[in-house]
Amino acid sequence: MPSTRAVPVTLAEIARIAGVGRAAVSNWRRRHDTFPARIGGTDASPQFSLAEIEQWLRENDKLKEIGGRELLWPGFEALGNRDETGLAIAEAGRRMRDGKAPAPAAPLSEQAGELVGEAVALGRREGMREIFEFLLQRWLDAHVRQVSASPRPLADLMAEVALAARPAPAADGEATVLDPACGAGHLLDAAARARVSAGAARVTLLGCDSDPALAALAAARLAFVVDEAGAAGKAGKTGKAGKGSTSGVRVTADVRKGDSLRDDPHERAAADVVLCNPPFNERDWGYEELSTDRRWVHGLPPRTESELAWVQHALARLRPGGTAVLLLPPAVASRRAGRRIRGALLRAGLLRAVIALPPGCAQPHSVSLHLWLLRAPEGTGPAEDNGVLLADAAASRRAAAGRETGVDWDALGDFVRTALGAYGSGAAELPDFARRMAVIELLDDEVDLTPGRHVSPAPGGEALDLEDAWSGFGEALAGLRAAGRALSALEPAGDGGGGQPRTTVGDLARAGTLTLRGGQQPPDGTVRSGEPGEGGLPLLTVPDLLQGSGPANWLHPSDVSDRGALVAVPGDVVVAGVIRAFDAWVHQGPPTVLGAQLYALRVDPQKMDAWFLAGCLRAPSNGRQAGTHASSASRVDVRRLQVLQLPLAEQSRYSEVFRRLTGFEEYRGRLDELASRLSRDISDGLATGRLSAGR
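Residues numbered from 1 in each chain as written. Predicted model: local features only at pLDDT ≥ 70, side-chain atom pairs only at ≥ 80, totals over all residues. Heavy atoms only, no water.

(A) Region of interest: the overall build of the chain. A tally of regular secondary structure across the chain gives 23 helices and 25 strands. A burial count over the chain gives 48% of its 695 residues as buried. Considering only residue pairs separated by 6 or more positions, the chain has 74% of its internal contacts joining residues 24 or more positions apart. Only carbon and sulfur atoms are counted for the fraction: they give 49% of the accessible area of the chain, which is about 32,500 Å². (Helix = DSSP H or I, 4+ residues; strand = E, 2+ residues; numbered from the N terminus. Buried < 20%, exposed > 50% of the residue type's maximum accessible area, 1.4 Å probe, protein only. Contact = heavy atoms within 4.5 Å. Areas by Shrake-Rupley, 256 points an atom, 1.4 Å probe, with all protein chains shown as cover.)

Listed below in structure tokens is the structure:
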């Protein structure tokens, strides 16, 4: 066994290796005397030797097919250093391609070299690209606070927006795509697929990143894209290429390490398309040394406007008629310091569209990020003046759903395609929450390009249904008052409640009063977005709870049964084990798969009332008492949550009060939602003339 296996693993990692829930691993540890002893960590979060765990799982026939790659990752994670881990994964990708990729940026340690060899060996058995993508995704997940990656649906959308603005490849069939801050290569990968589908005969991918690990990972990733295109081309020549293949397409990739703003390694490039998700809010981007740079045709970007430096850099690398799509924070559209450059871009006819995306599309997930679409003039004359498209996809999705929800990528794509299609064709009618504005309308003192400031449904285009809203408001208010009267009858306990005996979830589990199981992160490739298909099970995650929405994704039944996923059924008590989303409730909907940090407690109805249990667990003070700050996630140790020790008959009385409290909270939430809706609709109605202020 290689020495790299002498690394520590947690209970959660053992669960992933074995393809079971964490509770099952805890059960093995209690029931089997042969289970390996703890080598580190704490009693609440123990660590074990990976080599000993692997041997025990094999001897007890508990190592499922998922184990191979899951056994591999802890070794990479144990390298500790982010850059060394990333470079080791990139080197694994290079060797998987028989050494065709560039040499590693830095020598690897002996331990990293052994891991690379294991990864290559596993790749030969399970698929080179699959193993590389698995390691890459795990690395990105582990360093999500340091590395901002463009999710695949967003990358595909950005590539589609660029394609809509420049649908055909160049006359010679060649398409050159540049990402000057390419990260791990998500945008270039999406662009390659989009350009091949559009009929390009040759696709050149150019990337650059100042982070050596990211540059190496992008180079390794895009090398697989190049190989796959070449393999498809060979199959096409022999008549073996299937439908939708890339037969005859030549893809090349050139990814380099460097700072595109200070010392661009692709300075001589002329790109048809520039896609970029640049760093946000950087102060040290080169303001002093680049003050006379010839790229600042539209004005020197202020020190606080690094994003506008990236915008002008992208324009400088476009060939005539080329398009650029950048993902930018919303403040770039309105900050006073950037108004002169925004005005210059508008006057030159370079900025074609600003699209506000729903929160959750990319980091930071709480912000409605913007897509900026720019296009270079075809010749030396001024660009054609078609106005500027301002589209608020965030408001569109809120109006369709009636409340904040997770990102519906299909609906978002439909809205963006419809708006761009109507804009590009010159159609007079655009969808609601999209507007074509003349440049002169935007050139005021602020030059504010925020879509939400200019876009709203056309007056009269959407009837105000205030009667139903006021009716619902009255019903919610009456329900809140009734629930409040019932709860106001509660009286303080005579002894202050301090003498009431309590127990913990862990003790109740050991006594057989309930069973406790923990959810897990589904394996890569099993999660599907949108509404569940036939027989599919919704997947609930902590991000869904933080966004205040229901499940945004789902799993196929075969993936649920094969992977041992945790499914909550009606009557189970579900607990969110993260402090910022801490909650507990009785599940009453359809069977639902629970993701990581979500737990299901199933009570013995002869011993405990589920509503009583949920009511005790969800107390905020309970969550604070059981919280642990051993990691940045601030998790809750569910086994330490406390429950009153009461006879079943008395539990029923408490259960009824907890039900009323739940109803009180539901009415309060409904009232808040309706009040916000009424306030918004009345304000819009008065401002657009759809409501009269009376006489």
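(B) Region of the structure containing the sheet that holds strand E10 (residues 370-375). Read across the sheet, nine strands follow the order E6-E5-E4-E7-E8-E10-E9-E11-E12 without closing on themselves; strand pairing throughout is mixed. Where the open sheet ends on each side, the last strands, each with one partner, are strand E6 (250-257) and strand E12 (434-437). Geometrically, the sheet is characterised by an average inter-axis angle of 15° between neighbouring strands, direction not taken into account. Contacts from helix H8 (residues 152-165) reach strand E7 (271-276), strand E8 (318-328) and E10 within the one sheet, and its direction differs from that of E8 by about 150°. Helix H11 (residues 306-316) contacts E7, E8 and E10 of the sheet and is inclined by roughly 155° relative to E8. (Pairing = 2+ DSSP bridges. Axes fitted to C-alpha atoms, helices over the stretch in contact; angles between N-to-C directions.)

(C) How the structure looks around the sheet that holds strand E14 (residues 514-518). An order of E14-E22-E19-E20 is seen for the four strands of this open sheet, with the pairing classed as antiparallel. What marks the edges here is a single partner per strand, and that holds for E14 and strand E20 (583-586). Within the sheet, the average angular offset between the axes of one strand and its neighbour, ignoring direction, is 20°. Bridge count between E14 and strand E22 (residues 598-603): five bridges; the pairing is antiparallel. Bridging from a neighbouring strand, Leu 516 pairs with Leu 601 of E22. Where helix H21 (residues 610-617) meets the sheet, it contacts E14, strand E19 (573-576), E20 and E22, and its direction lies at approximately 170° from that of E20.

(D) Molecular detail of unusual backbone geometry. A cis amide bond, omega -10°, links Gln 363 with the succeeding residue Pro 364. Here Pro 364 is to be found in the loop between strand E9 (351-356) and E10. A positive phi angle is found at Asn 281, which is not glycine, with a value near 55°. Structurally, the position occupied by Asn 281 is in the loop between E7 and H11.

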